[in-house]
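# Descriptive analysis of the structure
These are the residues of each chain, in order.
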Amino acid sequence: MAGAIALVDDDRNILTSVSIALQAEGFTVRVYSDGEAALKSLIDNPPDLAVLDIKMPRMDGMELLRRLREKSALPVIFLTSKDDELDEALGLAMGADDYITKPFSQRLLIARIRSLLRRSEMRAKPEGGEEPPAEKIVRGRLEMDPARYRVLWQGLEVTLTVTEFMILETLAQRPGIVKSRDQLMDTAYQDDVYVDDRTIDSHIKRLRRKFRAVDPEFKAIETLYGIGYRFAEE
């Protein structure tokens, strides 16, 4: 499984070394040294996945992601400074699918990229493919169509990232059943890729925010403190 990867970072050493590593794995790589240079290309000619540094001149990764999410659900991995929890939380809250802290291992980055591409590929399989299309999930006011990667709440469309879609799908498949953070991590992050509890919590907050944008009274995703999350039965 290869694909086109966009790298956006003002550090030339990172652009060079990561490009070489990804190309060795069969990926096509496009590089950009700042967010302003990358934005139009990511929208007009989207790659399969983008890796964005947060701290860049002209347009930083946060602003690039904000503008990108107005037009696209492109899978995004953020690169953040070591131990900068605020950057990580903000990036996930704004719609990033994953993050990696610098300095990072290229092997870890490639594993995260492959995992996210696999999730994106699962959602994008055509109805006429080898596998039968997944059935729609209808839970009260929620309607999910995995074959079309589409979510409706009270008939209004809600745009989700790949990771958000898979977390919501896991919860909605069994309303009333509590899913622990570990179970949600296993669903959203396969291939033994490690993430921590804060990552899942940030995705849940983002899900709630998106649904409340179309319905301020949205309360379908419930927290059971110390246990996990569940989709409320109606």
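These lines cover the structure that appears in this document, whether it is placed above or below. Just so we're clear, the structure is a prediction, and the values are computed from it rather than from any experiment.

## Observations concerning the sheet that holds strand β11 (residues 221-224)
If you trace the three strands from one edge of the open sheet to the other, you get β10-β12-β11, paired in antiparallel fashion. The open sheet has two free edges, formed respectively by β10 (179-180) and β11, since each of these has just one partner strand. Seen against the sheet, helix α6 (residues 162-173) touches β10, β11 and β12 (228-231) and runs at an angle of roughly 70° to β12.

## Things to note about unusual backbone geometry
With omega at -10°, the peptide bond leading from Lys-102 into Pro-103 counts as cis. Looking at the element boundaries, Pro-103 is found in the loop between β5 (98-101) and α5 (106-124). Positive phi, close to 70°, is recorded for Arg-58, a residue that is not glycine. Mapped onto the secondary structure, Arg-58 falls in the loop between β3 (49-53) and α3 (61-69). Unusually for a residue other than glycine, Gln-154 sits at a positive phi of about 55°. Along the polypeptide, Gln-154 turns up in the loop between β8 (150-153) and β9 (156-157).

Thresholds applied
- Residues numbered from 1 in each chain as written.
- Predicted model: local features only at pLDDT ≥ 70, side-chain atom pairs only at ≥ 80, totals over all residues.
- Heavy atoms only, no water.
- Pairing = 2+ DSSP bridges.
- Helix = DSSP H or I, 4+ residues; strand = E, 2+ residues; numbered from the N terminus.
- Contact = heavy atoms within 4.5 Å.
- Axes fitted to C-alpha atoms, helices over the stretch in contact; angles between N-to-C directions.

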